[in-house]
Every structure is written in structure tokens, then in C-alpha cells.
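Below, each chain spelled out in residue letters.
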Amino acid sequence: MEHPENDSQYKGLKVNKGIENVPSINPYLKKRVKRRTYTPSEFVEGILKGDITILSQAVTLVESARHEHQQIAQEVIEKCLPHAGKSIRVGITGVPGAGKSTSIDVFGMHLINQGHKLAVLAIDPSSERSKGSILGDKTRMEALSREKDAFIRPSPSAGSLGGVARKTRETIVLCEAAGFDTIFVETVGVGQSETAVHSMVDFFLLIQLAGTGDELQGIKRGIMEMADGIVINKADGDNIEKAKLAATQFRNALHLFPPSESGWNPKVLTYSGYFNIGIKEIWDMIDEYIAFTKKNGYFDYKRNEQAKYWMYESINDTLRDTFYHNPAVESVLPGTERQVLNNEISSFVAAKRMIDLFLENISRG
């Protein structure tokens, strides 16, 4: 008997039969649908039609470190290039906590309501330990994330210098081809990333806070010189006077710098992203700058200089990628690394050996 307790001699006891072992996988769980793979031509066709899903997948290819993905991405970018270049690109930076994401949400809604299409490329800092990113910027852009004419793409910095890589520049090309007439590039904060962002945008906006002590403390001269406009956030309530004082301090500081190459005198404005105060004035300033630089020819000059800069950056990246994917280099590199770690050869000798091996291998091929 399976359960002796059910025997008649044990009155008052009864053990019910248990259920059979159930599967550990939920039977109602649908099988994951395999994402369709597109050809480069299909990617381009979808992007030009403004298909956000295909655009997102193309951006994922651009961000991928896999060699085969990069080859497809470069072909897509090349075909999209003739359809790009028609947007206004705005770089947005500021100290952590200055309210960049909240401000972008408000700026973006101002543009959407005027009939613009906006793409936001938010660079999210990657952990140096785990290499992971939270990618939480989208959660702080509540209004924009619900708009069909807005495309928000948080991307991990993946340890690149300052958190901005050339991949952002390539993503801008794809977004412009998809019909977005305004591009925001948000950086991780005040640091070396600003130099890279400055080399891919038309207008560089620095967001600052008031009431945090010495307003100019910690702001690098280089960041101030790059800024085409400075805006003081959280100018509301008891903070209005502090914001006005901070604005005065920044205006005085800007007078100490040499004139900008564009001939434009950077402006300092106050606003409140939370209460939506002073937003129109900020965008009017950006419109005025674009009209000013287009009139004096600096707009096109800067775009050409940026294109040249990224050509050389792409050459450097391609050379590095070709070097590390060379079979001869891949086979010898680990052993050479061990020799360096064991102090058998110096780092410089090892580097020269690897480069000589690479060049020799290339010349044979």
C-alpha cells in the first residue's frame, strides 16, 4: 500500500494522493520570438521610412563590438549619409545633479509641441568593474518617452574616454536619415567627454546650479570656453535670487575669456526645468545662435571641421581594430603580454615587436 496510514486499522487517519511532479517551466510562457535579421538595404529602407524599431536595431549594430555587426553598420551608415546633415545638433552637459535629464524632457516637449521631431542620445556611464550601465535616463524623461515624435536612446559609455565614443556620431547620422530634425546629445557630466561632444554638435549648452556654494568652483576653463550658452537651473522659489547672482558671476567670468571662433557672445540665462519657466527663452537663444552662425558661414565651417576630425578618428579606430583582429597578432599577443608581466621585456619593446609583426604580416598578405 502506498500510504499505510490509510489502512482500516488506523481510524481517523487519511492521506490524500499527492500531485505528480509539475514542470519547472511555465507552460503558458510563450516561446521567445526570434528577432528578424535585416539586410543593409532593408535597414536603410526602414530608417528612411522612419521605422523606430529598425532604427533601434541599427543603432544596436553600431554599438556592437562584434566585427560582423560593425561591417553591416558601416554599410548602413554609408547609405544613410546622403540623407543626413539636416538637423540641429545640441550638446547638453552639466555637473551631476544639475537636472540634465529633466531639462531635456522639458526642452524636448517644447520642441515637440512646435512640430519638431527629436532624438535624444543620452550617454550613460558604465561601471569600471562590471562594465554594466543602469540606462535609467529614459525614466527621468517621462513626457518625452510617451511621444511618437521623440526617440530616446540611452547608450552605455562602455569605458570609452569620458564616456562618449564615435558611435554617437554614427548614431546621429542614422537619426537624421530617419527624419529627426533636432538631436540632443547628453553627456555624463563635466569632464573630458565634453571635448568629444563639442566635436559633433552645433550648439553646446552648459547647465549649472545656483545656491551650491562657489558657483565657479570645479568648472574647468575649457568647459566654459566651449559653451555657446550657460543656463542656471532651478531658478524658482527661494532660489531665484541665488540663480540671478550665479548668472551675474558667470557673465563676469565669460568676459575674461578670448572671443569665440564663431564671433558669438555666449549668453547666460536662468530657468526652472521643474516648473517649466524660461524654456522658450533658452530655445530662442539657440535659434538666434544657429541663424547667426549660418549667416557668417561658421555653421558650415564647423560641420566641415567636425567631418574631418571624425575621419581621422575613424582611421585610428579602424587601424586599431585591424591590428587586434590580425591572426598573427592574436596568436602572439598573449605570450608577449606574459613576457611584459614577467619583466622579461619592456612594454615599449613588446609594442614595437607586435607592430613589426603586424606590418610584416600585412605586407605578405
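Conventions we followed
- Residues numbered from 1 in each chain as written.
- Predicted model: local features only at pLDDT ≥ 70, side-chain atom pairs only at ≥ 80, totals over all residues.
- Heavy atoms only, no water.
- Helix = DSSP H or I, 4+ residues; strand = E, 2+ residues; numbered from the N terminus.
- Buried < 20%, exposed > 50% of the residue type's maximum accessible area, 1.4 Å probe, protein only.
- Contact = heavy atoms within 4.5 Å.
- Areas by Shrake-Rupley, 256 points an atom, 1.4 Å probe, with all protein chains shown as cover.
- 1 Å grid on protein atoms, 1.4 Å probe; cavity = no way out; pocket = protein on both sides within 12 Å on 5 of 7 lines; lining within 4 Å.
- Points joined across faces, edges and corners; volume = space filled by probe spheres on them.
- Nonpolar A, V, L, I, M, F, W, Y, C, P; charged D, E, K, R; others polar.
- Axes fitted to C-alpha atoms, helices over the stretch in contact; angles between N-to-C directions.
- Parallel < 35°, antiparallel > 145°, perpendicular 65-115°, else oblique.
- Core = buried A, V, L, I, M, F, W, Y, C linked by side-chain atoms within 4.5 Å.
- Polar contact = N/O pair within 3.5 Å; in protein donor to acceptor, adjacent residues only side chain to side chain.
- pLDDT = per-residue confidence, 0-100.
- Patch = residues over 30% accessible without salt bridge, like charges linked within 9 Å, V, L, I, M, F, W, Y side chains within 5 Å.
- Salt bridge = Lys/Arg side-chain N within 4 Å of Asp/Glu carboxyl O.

## Some points on the overall build of the protein chain
Of regular secondary structure, the protein chain possesses twelve helices and seven strands. Here the protein chain holds 365 residues, and 42% of them are scored as buried. In the protein chain, the share of contacts with a sequence separation of at least 24, taken over all contacts with a separation of at least 6, comes to 74%. Accessible area for the protein chain stands at about 21500 Å²; split by element, carbon and sulfur atoms hold 54% of it.

## Overview of unusual backbone geometry
Positive phi outside glycine occurs at K234, with the angle close to 60°. Mapped onto the fold, K234 is located in the loop between β6 (229–233) and α8 (240–254). At N343, a position not held by glycine, the phi torsion is positive, near 60°. Tracing the sequence through the fold places N343 in the loop between α11 (327–341) and α12 (347–364). Classification of N343 by relative accessible area gives exposed; the value is 70%.

## Examining empty space enclosed by the protein
Applying the stated rule across the entire model yields one cavity of 30 Å³ or more. Estimated volume of the largest cavity: approximately 30 Å³. Along its surface, the largest cavity is lined by D202, Y289, T293, Y298, F299 and K302. Elements with a contribution of two residues or more to the lining of the largest cavity: α9 (279–296) and α10 (298–324). The element that contributes the greatest number of residues to the lining of the largest cavity is α10, accounting for three residues. Tallied by class, residues from the lining of the largest cavity come to three nonpolar, one polar and two charged.

## Quick word on the packing of α11 against α12
It is the contact of α11 with α12, at a shortest axis distance of 10 Å, that shows an interaxial angle of 170°. It follows from the interaxial angle that α11 and α12 lie roughly antiparallel. Note on element contacts: α12 touches α11 through S347, A350, R353, M354, L357, F358 and N361, opposite A328, V329, V332, L333, T336, Q339 and V340.

## A closer look at the nonpolar core
Core analysis: the largest hydrophobic core is formed by 48 residues, its most contacted members being I47, L174, I230 and I232. With residues up to four places along the chain from it excluded, the contact list for I232 reads Q208, L209, A210, A243, A246, A247, F250, V268, L269, T270 and Y271. Formed by 34 residues, the second largest nonpolar core is a distinct cluster that contains V106, M141, F184 and I279.

## Digging into the layout of surface pockets
Vacant regions in the atomic arrangement are exposed by a probe of water-molecule size rolled over the atoms. Its volume calculated, the second largest pocket comes out at about 450 Å³. Surrounding the second largest pocket, 20 residues form its lining, P258, P259, S260, W264 and P266 being those nearest its centre. Mapped onto the lining of the second largest pocket, the elements with two or more residues apiece are α7 (221–226), α8 and α10. Residues that form the lining of the second largest pocket fall into these classes: ten nonpolar, five polar and five charged.

## Some details on the side chain of Q70
In this structure, Q70 sits in helix α3 (residues 67–80). A polar contact is formed between the side chain of Q70 and the backbone oxygen of V62, at a distance of 2.8 Å. What Q70 contacts, discounting residues up to four positions off in sequence, is L61, V62, S64, R166 and K167.

## With respect to the confidence of the model for the protein chain
The share of residues in the protein chain with pLDDT of 70 or more is 81%, and the mean pLDDT across the chain is 83. Helix α6 (residues 193–198) is the least confidently modelled element of the protein chain, averaging 76 in pLDDT, while α9 averages 96, the highest of any element. Note that pLDDT drops below 50 for residues 126–136; the model gives that stretch 19 contacts with residues more than four away or on any other chain.

## Structural notes on a nonpolar patch on the surface
On the surface, M311, Y312, I315 and L319 cluster together to form a nonpolar patch covering roughly 410 Å² of accessible area. For L319, a relative accessible area of 53% puts it in the exposed group.

## Digging into the environment of I282
By the element assignment, I282 lies in helix α9. Each C-alpha atom, one on I282 and one on F107, is 8.7 Å from the other, the two residues being 175 residues apart in sequence. In this structure I282 touches F107, L205, V231, L269 and Y271, once residues within four positions along its chain are discounted.

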